[in-house]
Amino acid sequence: MTGPLTTEPRRVDLEAVLRELPGSPEPTTQPGALGRRLELAQLKRAAQLLGASRGARLADMFVLPSAPAEAGGDGGLTLHLVFGLDQDRRYLLLQAPLSGRSYAAISEVAPACFVEECEIFELWGIKPTGGHPLNRVLLAPGADSAPPLRSGSPGAPRSRRGVPTEVRAPHVVRGEAFEFPVGPVRGVGQESLYMGLVTTGEEVLDAYLAWFHKHRGIEHQVVGMDPEMALFRVERCEGPGAVGNGLAFARAVESASGIVVPAGAERTRLVALELERLYNHAAAMAALCQSTGLGVGQAQVEIILENFLRLNAAVFGHRYLFGVVAVGGVRRGCDGATLSEGLSALCASVRQIGSALLGTNSFVDRLEAAGVVDAEAAARLGLVGPVARGSGADLDVRRDHPWSAGDSHSGLEVATAVNGDVLSRLQVMLQEVDESERLIHRWLQSGELIDVADALPTPAGPAPERGERRGLGWCESVRGEALSWVQLDHDGKVAGARLRPASVRNWRAFDDALRSRNVFTDVAIIEASFWLTVAGFAR
Amino acid sequence: MNVLESAAPNSRPVPVRWSQNPKADSVSSEVARVSAELRETISRLFGRSLHIRTIDTGSCASCESEIRLLTAPHYDLHRLGLFFTPAPRHADCLLVTGPGALAMDHALQATYEAMPDPKIVVTVGACALGGVFVPDRFTHGGVGRLLPIDVVIPGCPPSPLALLQGLLVGVDRLHASINPDRFRFSGASRP
């Protein structure tokens, strides 16, 4: 690398990088996102150049069938890399058709995409050459005899039998350490997850996580569906993140179809998104109290949580805000009077309990220096959301990637903390509660929201074009940046979809957090502070 | 301020005016009615002790959230004589969420078989009922084919109140299934 080492993000010299890559511009470039088509052999070099400029963040990587009309596509597969150019306020999407069944491992130069490389191998049988041995991520060992994802497609069928030798068996532990298995059936009301905690007795030395028990293949189930019907499934990929993931998906479809969402509808669904943030942060606080054995605090926060959920139901008709977001707007308006009446009192209660918790030494002692993710790891693993901000990363999609020109998040103050421990993440969440409350009140006062009694406005914009269309959607969900990529076919049905909830990103730092000199009882505390869902990862 | 201080009974730390609106009141009175009925039934039939185990077979995590809220102050399952237990061997009732992901098959069967008889299975949510997913290479599309289901609680997700009502039905089913003959040692046929 040339030039002085610096931790300050710089603007990517994008033009210089693109000059080095003799690809053709992707025709479906959209506002806020730039497309570029490359040769497969150039992808790794591109990732290296972008990674070296320190302003580009590898946000996602996936494989989808090429559209039949694409040059070189002919029913094959295309590898996609999505970079977030946060200083430039746009995304860069690199696409390269896959010619064989392998590609040069991108994770060698951009470690953030290691999990995605494992996913691609399991789902499509395409293997990275070089790089690390792969882990089991989405499919359970022995699931390989299932029918192929897409018959007749040359890249897709997976005919592997048994567990391939190149898949690392993660349970070999040397020395005096042993693997303490937890799960997949865990505590009451917890999601299924296998955690292999490597220990010599008390301290967690290492951890192996297996998320595949909950894999439902939602990305594959939505193929062939109407976008509206697909949205129903997408919301159910991660219930406590339904608005965030649904919004990213709806935006991808809107971007692909050229639908312009009316300003009032856009703002109404942003209200739902902030309400989702509020109740999730309350739920995370309740889980933190529970895991630290603070029963009184837990009960107090659970009262607030239940009241947030009841407020959601009163304002939008659903406790978890399912069915609020629709392709092209919202499916129902919000009850603004009830919202403005209930919101302030609930947020004041969160603040009161938050300050009480931060003033309770026995609580704070458990949080400090537990589950540390340092800034370097957060950047290397491509973390997003409160977990990244707790480690000092100044990244918030609401500010860095405004969806439209008239985006409503002006003046957003992004909360960050520097220590990267559980306490930092709690502090970030508490500050975000204030910010969400401020945003909702501002939108309520603007009078632009769609009321529950109003007729829903119809989306504007040109009539949807015929032909294959593609679009990228994003938003700052509760757990961080949610991305979605949608390909529509001639009839407007979903031809291919990629969902990337924030949980997909942030789980990969969980074992790093566990390794930072923690004991068994810290595991639940760290899990509560990450506040991720297995469902979002396994989708 | 110390959190314990803030929890003193007469300093009400959570001033929630919204909960006084009529909709919330109707929920609260309904919770009270169902709770009273459940408490009476459990106390009569099970001596205030019915134990519940939960298992997730691929839910979206909302059902789990609602199940956790059953122990929160608004609902407080424990006062009714219902308890969550981490051990299936202590459980009388299995709450199943999710559409039955294939990878959970073994864990689901092992959990069910570890529970002593008599036992009931209560499915929670639309996924477990078969309303969201279709059978394919990833899920069974519902848990109906995997276990004998006693009670189905619909909803996406079912609210804690719906869960309480479902448990009330389940408790009656469990009572109906308890037959003194089942506990009589009947010789070699018993494993």
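See the structure shown above.
Residues numbered from 1 in each chain as written. Chains lettered and ligands numbered in written order. Predicted model: local features only at pLDDT ≥ 70, side-chain atom pairs only at ≥ 80, totals over all residues. Heavy atoms only, no water.

A. View of the side chain of Ser 107 of chain A. Residues and elements named next belong to chain A. Checked against the element boundaries, Ser 107 lands in the loop between strand S6 (102–104) and helix H3 (114–124). The class of Ser 107 is buried, set by a relative accessible area of 6%. Of the polar contacts made by the side chain of Ser 107, one reaches the side chain of Glu 117; its length is 2.8 Å. Here Ser 107 is in contact with Cys 113, Phe 114 and Glu 117, once residues within four sequence places are set aside. (Helix = DSSP H or I, 4+ residues; strand = E, 2+ residues; numbered from the N terminus. Buried < 20%, exposed > 50% of the residue type's maximum accessible area, 1.4 Å probe, protein only. Polar contact = N/O pair within 3.5 Å; in protein donor to acceptor, adjacent residues only side chain to side chain. Contact = heavy atoms within 4.5 Å.)

B. Spotlight on helix H3 (residues 62–69) of chain B. A large share of H3 of chain B lies buried, amounting to 7 of its 8 residues. Listing the buried residues of H3 of chain B in full gives Ser 62, Cys 63, Glu 64, Ser 65, Glu 66, Ile 67 and Leu 69 of chain B.

C. Looking closely at the sheet that holds strand S2 (residues 82–84) of chain B. Residue and element names in this part refer to chain B. Spatial strand order, S2-S1-S3-S4-S5: 5 strands in an open sheet with parallel pairing. The strands lining the two open edges of the sheet, one partner per strand, are S2 and strand S5 (151–153). In this sheet, neighbouring strand axes are inclined to one another by 25° on average, regardless of whether the strands run parallel or antiparallel. One ladder, built from 3 bridges, connects strand S1 (residues 50–56) with S2; its direction is parallel. Along S2, the bridge assignment pairs Ile 52 with Phe 84. (Pairing = 2+ DSSP bridges. Axes fitted to C-alpha atoms, helices over the stretch in contact; angles between N-to-C directions.)

D. Molecular detail of the nonpolar core. In this structure, Phe 83, Ile 106 and Phe 308 of chain A are the most contacted members of the largest nonpolar core, which totals 134 residues. The element that contributes the greatest number of residues to this core is helix H7 (residues 263–291) of chain A, accounting for 16 residues. Setting aside residues up to four positions removed in sequence, Phe 83 of chain A forms contacts with Ala 47, Leu 50, Ala 56, Arg 57, Leu 58, Ala 59, Arg 90, Tyr 91, Leu 92 and Leu 94 of chain A. Grouped together as the second largest cluster of nonpolar side chains are 28 residues, Ile 52, Leu 82, Leu 163 and Leu 164 of chain B included. (Core = buried A, V, L, I, M, F, W, Y, C linked by side-chain atoms within 4.5 Å.)

E. How the structure looks around the interface of chain B and chain A. Opposite the 58 residues of chain B that make contact, chain A presents 66 residues. Summed over both sides, the interface of chain B with chain A buries roughly 4900 Å², with 62% coming from carbon and sulfur. The interface formed by chain B and chain A holds 2 salt bridges in total. Residues Arg 319 of chain A and Glu 66 of chain B are paired through a salt bridge, measuring 2.7 Å at the closest nitrogen-oxygen approach. If you look at where chain B meets chain A, you find 15 residue pairs in polar contact (both at pLDDT 80 or more). Contributing elements (two or more residues each) for the side of chain B that touches chain A: helix H1 (3–6), helix H2 (22–46), S1, H3 and helix H4 (105–114) of chain B. (Buried area = accessible area lost by both parts, 1.4 Å probe. Salt bridge = Lys/Arg side-chain N within 4 Å of Asp/Glu carboxyl O.)

F. Main features of the pattern of salt bridges. Residue and element names in this part refer to chain A. Within this structure, the stated rule accounts for 43 salt bridges over all chains. A salt bridge links Arg 498 to Glu 119, with the shortest nitrogen-to-oxygen separation between them at 3.1 Å. Highlighted residues: Arg 498 in strand S15 (residues 494–500) and Glu 119 in helix H3, separated in sequence by 379 residues. Since its relative accessible area comes to 3%, Glu 119 is described here as buried.

G. The arrangement of the environment of Ser 257 of chain A in detail. Residue and element names in this part refer to chain A. Secondary-structure assignment places Ser 257 in helix H6 (residues 242–257). On the basis of relative accessible area, Ser 257 is assigned to the buried category, the value being 8%. Expressed as a C-alpha distance, the spacing of Ser 257 and Pro 240, which sit 17 residues apart in the sequence, is 28 Å.

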